[in-house]
Amino acid sequence: MKTPDDTPQLTAPELYTGEDGRARFRERPLPLAEGTPMTRLSALAPSSGWQFRRSPVGFASDVHCTTAPQWLVVLQGQMEIGLPHDGSTRVFGPGEFFYSNDTLPAGAVFDPLVHGHSSRLLGDAPLVTLFVRA
């Protein structure tokens, strides 16, 4: 995909908190304005650290908010993200990623019927993910 000025870009799902405090998905453009025509790169973004996580078969989380904005990359297995307020889900498999930015709004008291998301492993293989803090 290209931007109106012909800059190539990726589009990444972003899990974010809407003005009403509810988690939602939207598409986030990632311009690839650096590098060469054969190896297009996004701008270098700062990171405060990264972690790998391995979740066993049967993993499922309670509804929660992201504590700090972060990129999540699925390396192995399938991860389902559920939005409790509308029952919608999205599934991410190996090589897929999203920006997790559904933090609890300032001053809000966590309500699992309004805020956050759930996550669970689908299938019979462990889930391996990489988290990169923004």
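Residues numbered from 1 in each chain as written. Predicted model: local features only at pLDDT ≥ 70, side-chain atom pairs only at ≥ 80, totals over all residues. Heavy atoms only, no water.

**Student:** Explanation requested: the sheet that holds strand β11 (residues 127-133) in the structure shown.
**Tutor:** Backbone-to-backbone hydrogen bonds pair the strands of a sheet. The strands run either parallel or antiparallel. An order of β2-β1-β9-β6-β11-β5 is seen for the six strands of this open sheet, with the pairing classed as mixed. Looking at strand neighbours, the two that pair on one side only are β2 (23-31) and β5 (49-55), the edges of this open sheet. Here the strands of the sheet are splayed against their neighbours by 25° on average, with no regard to which way each runs. Relative to β2, strand β1 (residues 9-17) is paired through nine bridges, and the arrangement is antiparallel. Looking at β2, one finds that Gln-9 is bridged to Pro-31. (Pairing = 2+ DSSP bridges. Helix = DSSP H or I, 4+ residues; strand = E, 2+ residues; numbered from the N terminus. Axes fitted to C-alpha atoms, helices over the stretch in contact; angles between N-to-C directions.)

**Student:** Where do I start with the packing of aromatic side chains in this structure?
**Tutor:** Two measures describe an aromatic ring pair: the distance that separates the ring centres and the angle between the ring planes. Summed over the entire model, instances satisfying the criterion amount to six aromatic pairs. Considering the side-chain rings of Phe-25 and Phe-92, the 6.1 Å spacing of their centres and the 40° angle between planes classify their relative orientation as tilted. Linking Phe-25 in strand β2 with Phe-92 in strand β8 (residues 89-92), this pair joins segments that are 67 residues apart in sequence. No difference in accessibility class separates Phe-25 from Phe-92, as the two residues are buried. Both rings, one in Trp-50 and one in Phe-52, keep their centres 5.2 Å apart while their planes meet at 85°; by these two values the pair is edge-to-face. One residue, Arg-26, lies across the ring of Tyr-16, its end atom 3.7 Å from the ring centre. One residue, Arg-28, lies across the ring of Tyr-99, its end atom 4.2 Å from the ring centre. (Phe/Tyr/Trp six-rings, centres within 6.5 Å; stacked < 30°, edge-to-face > 60°. Buried < 20%, exposed > 50% of the residue type's maximum accessible area, 1.4 Å probe, protein only. Lys NZ or Arg CZ within 6 Å of the ring centre and 35° of its normal.)

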